[in-house]
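Take a look at the letters that make up each chain.
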Amino acid sequence: MKVIETTNLAKTYRTPFRRKKVEALRGVSFAVEEGEVFGFLGPNGAGKTTTIRCLMGLCRITSGSATILGQPVPSREARQRLGFLPEQPYFYDYLTVMELLDLGGRLFGIGAAERARRAGALVDKVGLGHARGLPLKKFSKGMLQRAGLAMALVNDPDLVVLDEPMSGLDPVGRKEVRDLILELRDAGKTVFFSSHILSDVEQISDRVAIVVGGTIRDVGRPRELVGGSRLATEVVLHLTGDEAAVAAAQQAIAARAEKLRGVEGEVLAVLGAGVDVDDFLAFARGQGGKVVSVTPRHETLEDLFLRRVEAGKAERGAEAAAS
Ligand SMILES: Nc1ncnc2c1ncn2[C@@H]1O[C@H](COP(=O)(O)OP(=O)(O)OP(=O)(O)O)[C@@H](O)[C@H]1O
Ligand SMILES: [Mg+2]
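Since this is a predicted model, take the numbers as computed values, not measurements.

Further remarks concern the site of ligand 1. Around ligand 1, the structure places 14 residues, and the nearest of them are Gly-45, Lys-48, Thr-49, Thr-50 and Glu-87. Within the backbone of Gly-45, an N or O atom sits 2.7 Å from an oxygen atom of ligand 1. Glu-87 places a side-chain nitrogen or oxygen 2.5 Å from an oxygen atom of ligand 1. When isolated, ligand 1 has an accessible area of 640 Å², and the protein chains bury 64% of it.

Turning next to the sheet that holds strand S4 (residues 63-68). Strand-to-strand pairing in sheets goes through backbone hydrogen bonds, with the strands running parallel or antiparallel. Strand order in the open sheet formed by four strands is S2-S1-S4-S5, and the pairing between neighbours is antiparallel. Two strands lie at the open edges of the sheet, namely strand S2 (21-33) and strand S5 (71-72), each paired on one side alone. With ten bridges joining them, strand S1 (residues 2-14) and S2 adopt antiparallel strand pairing. Paired with Tyr-13 across the two strands is Val-22, which belongs to S2.

The amide bond that connects Val-73 to the next residue, Pro-74, takes the cis arrangement and shows omega of -5°. Its place among the elements puts Pro-74 in the loop between S5 and helix H2 (76-80). Positioned with a positive phi, Leu-69 is a non-glycine residue whose angle comes to about 50°. Residue placement: Leu-69 occurs in the loop between S4 and S5.

With respect to the secondary-structure elements, Ser-167 resides in the loop between strand S7 (159-163) and helix H6 (171-186). In sequence terms Ser-167 and Gln-145 are 22 residues apart; their C-alpha atoms lie 7.7 Å from each other.

Moving on: the packing of helix H3 (residues 97-107) against helix H5 (residues 141-152). For the pair H3 and H5, interaxial distance at closest approach is 9 Å and the crossing angle is 25°. As far as their axial angle goes, H5 and H3 are roughly parallel. H5 is crossed by H3, and the crossing has right-handed handedness. Counted together, Val-97, Leu-100, Leu-101 and Gly-104 of H3 and Ala-147, Ala-150 and Met-151 of H5 form the full contact between these two elements.

Moving on, we get to the packing of aromatic side chains. The geometry of two aromatic rings is summed up by the distance between their centres and the angle between their planes. Taken as a whole, this structure holds five aromatic pairs when the rule is applied. With a centroid separation of 5.7 Å and 15° between ring planes, the pair formed by Phe-38 and Phe-192 is classed as stacked. One end of the pair, Phe-38, is in strand S3 (residues 37-41); the other, Phe-192, is in strand S8 (residues 190-195), and 154 residues separate them in sequence. Looking at Phe-192, the relative accessible area reads 0%, which means it is buried. Measuring from ring centre to ring centre gives 5.2 Å for Phe-40 and Phe-192, while their planes differ by 40°; the resulting arrangement is tilted. Linking Phe-40 in strand S3 with Phe-192 in strand S8, this pair joins segments that are 152 residues apart in sequence. Relative accessible area serves as the criterion here: at 0%, Phe-40 is assigned to the buried category.

This part takes up the coordination of the magnesium ion (ligand 2). Only Thr-49 (OG1) and Glu-87 (OE) from the protein coordinate the magnesium ion (ligand 2), and they sit 2.0 to 2.2 Å from it. With Thr-49 in helix H1 (residues 48-55) and Glu-87 in the loop between strand S6 (82-85) and H3, this residue pair connects regions lying 38 residues apart in the sequence.

What follows deals with the sheet that holds S6. The sheet built from six strands is open, its strands ordered S6-S7-S8-S3-S9-S10 with mixed pairing. Of all the strands in the sheet, the pair left with one neighbour each is S6 and strand S10 (215-220). For this sheet the average axis-to-axis angle between neighbouring strands, irrespective of direction, equals 15°. Bridge count for S3 against strand S9 (residues 207-212) is four bridges, and the pairing is parallel. When the sheet's bridge partners are listed, Phe-38 is paired in S9 with Arg-207. In this fold helix H11 (residues 301-322) packs onto S3, S9 and S10, with an angle of close to 25° to the strand it touches most, S9.

Conventions we followed
Counting starts from 1 at the beginning of each chain's written sequence and moves along it residue by residue. Chains and ligands are labelled sequentially in the order written, the chains with letters from A and the ligands with numbers from 1. Residue-level local features of this predicted model are given only where pLDDT is at least 70; pairs of side-chain atoms are given and counted only at 80 or more, and the full residue set underlies all totals for whole chains, interfaces and linings. Each side-chain value is worked out from all heavy atoms of the structure, with water and hydrogens disregarded. Near residues are defined by distance, with any heavy atom within 4 Å of the molecule or strand qualifying the residue. Counted as a polar contact is a pair of N or O atoms within 3.5 Å, where, for protein atoms, one must be capable of donating a hydrogen and the other of accepting one, and residues adjacent in sequence contribute only when both atoms are in side chains. Using the Shrake-Rupley algorithm and a 1.4 Å probe, accessible areas are obtained, with residue cover drawn only from the displayed protein chains. By definition, two strands form a pair when at least two bridges between them are found by DSSP. The helix and strand labels rest on DSSP assignments: H or I over at least four residues marks a helix, E over at least two residues marks a strand, and numbering proceeds from the N terminus. Lines fitted to C-alpha atoms define the axes, with helix axes restricted to the stretch in contact, and inter-axis angles between N-to-C directions lie between 0 and 180 degrees. In this scheme, roughly parallel covers angles under 35 degrees and roughly antiparallel covers those over 145, while 65 to 115 is roughly perpendicular and the rest are oblique. Definitions for this section: a left-handed crossing has its near helix turned counterclockwise from the far helix by less than a right angle. A right-handed crossing has that turn clockwise. The contact definition used throughout considers only heavy atoms, calling two residues in contact when any of these lie within 4.5 Å. Each Phe, Tyr or Trp ring, with Trp reduced to its six-membered ring, pairs with another whose centre is within 6.5 Å; inter-plane angles below 30 degrees give stacked pairs, above 60 give edge-to-face pairs, and intermediate values give tilted ones. Only protein chains enter the accessibility calculation, which uses a 1.4 Å probe; a residue is then buried when its area is under 20% of its type maximum, exposed when over 50%, and partly exposed in between. Metal coordination here is assigned from N, O and S atoms located within 2.8 Å of the ion, or within 3.2 Å for Na, K and Ca; omission of water means that sites may look incomplete.

Right, dumping it as structure tokens:
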């Protein structure tokens, strides 16, 4: 079953007095399968939050369509089986996290004993056990984010939608959230989350979509998206001989490499994908170089992401010039 499906989803914001239109989404189509962790990746302003708000029924879709748990959005029925962490969760300052979760549980019609049990289990799960009695106004940014996460899980949802769940968290907190997401998947849930932290997305997502400028650029398994093509080879050489010989060798090698950098008595030569590595090594040895290491560089998700962002910028430039 497709847990989330969007077809040509478009959203245009009109600023006050309709002076300007912002095309935040320009025909977004993707599907999230049951039981997968799906990472929604894009730079600031790409349309991640807008997509999520449209899916949650929090903003009006301009054109196209979307379903959640098989129901067209907005759907009250789907809402019951859905957990949602907004980008900037807002809570009543004077409540404690236990009271907040109790309130959340009430909204889903959960009985008092079960609410208390869930609240206790959830504060421990998100690492707020020590702060049970503290009002939320005394929470740090990271603690509020954790409270928001607990709130998103209070109805034991089948689908969890998280807008930037790692934002505001330190590396330890981010790891905890990644582990929590994997735990949810192991429990059979579907997780859809947005982020611009590439490593977080890459590490835990079964599939990712890259969105730039309101358009989906790529969808797939991270490994498949970046493919296996070698971008470059990095060769570290130790150059021997007197100062003049080393300088001459460096110059000769630099002429054959794309980049050459000195690193602690050694040089790092970056060779383009088309360079014959074996030939280069023979040449470098002839210049008195000793080969320390040879490392192939493959495209990473970050390389792909940055390429897509650059292409998006160029498109915007072309659009601005045309209008
Ligand atoms: N309420 C609004 N009114 C007008 N324009 C908006 C509104 N909300 C978002 N936008 C615009 O829509 C585009 C997409 O914004 P969105 O918040 O969806 O991006 P995002 O990918 O979530 O970015 P971030 O990583 O910064 O959270 C941006 O150009 C933004 O300025
Ligand atoms: Mg956002």
